[in-house]
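Listed below, chain by chain, are the residues.
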Amino acid sequence: MKQKTHKGTAKRIKVTGSGKLRREQAGRRHLLEGKTSKRTRRLKGEEAVAPADVKRVKRLLGRA
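Residues numbered from 1 in each chain as written. Predicted model: local features only at pLDDT ≥ 70, side-chain atom pairs only at ≥ 80, totals over all residues. Heavy atoms only, no water.

1. Re the pattern of salt bridges
Enumeration over the complete set of coordinates arrives at 2 salt bridges. For the salt bridge of Lys 14 with Glu 46, the shortest nitrogen-to-oxygen distance reads 2.8 Å. Of the two residues, Lys 14 is situated in strand β1 (residues 13-15) and Glu 46 in strand β3 (residues 46-48); the sequence distance between them amounts to 32 residues. A salt bridge links Asp 53 to Arg 56; its shortest N-O distance comes to 2.8 Å. Taking the relative accessible area as the measure of exposure, Asp 53 reaches 27% and is therefore partly exposed. Here Arg 56 falls in the exposed class, since its relative accessible area comes to 52%. (Salt bridge = Lys/Arg side-chain N within 4 Å of Asp/Glu carboxyl O. Helix = DSSP H or I, 4+ residues; strand = E, 2+ residues; numbered from the N terminus. Buried < 20%, exposed > 50% of the residue type's maximum accessible area, 1.4 Å probe, protein only.)

Rendered as structure tokens:
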């Protein structure tokens, strides 16, 4: 059977040109009034997927 991309993962993780995996940081969607400005600034931008998870995520994206 044909392998399918896991769409939930595909919406959350981008693959760079060199094949690295990038993700948004958690904790910046809601309840921001209770978080300090310092904390919300720190959560800006993208982060690399943890090395322990790369193999599993690539398989979900159909790139294993």
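What follows picks up the thread again.
2. Things to note about the nonpolar core
Ranked by size, the top nonpolar core spans 5 residues in total: Ile 13, Leu 21, Val 49, Val 57 and Leu 61. Excluding its chain neighbours within four sequence positions, the residues that come into contact with Ile 13 are Leu 21, Arg 22, Arg 23, Val 49, Val 57 and Leu 61. (Core = buried A, V, L, I, M, F, W, Y, C linked by side-chain atoms within 4.5 Å. Contact = heavy atoms within 4.5 Å.)

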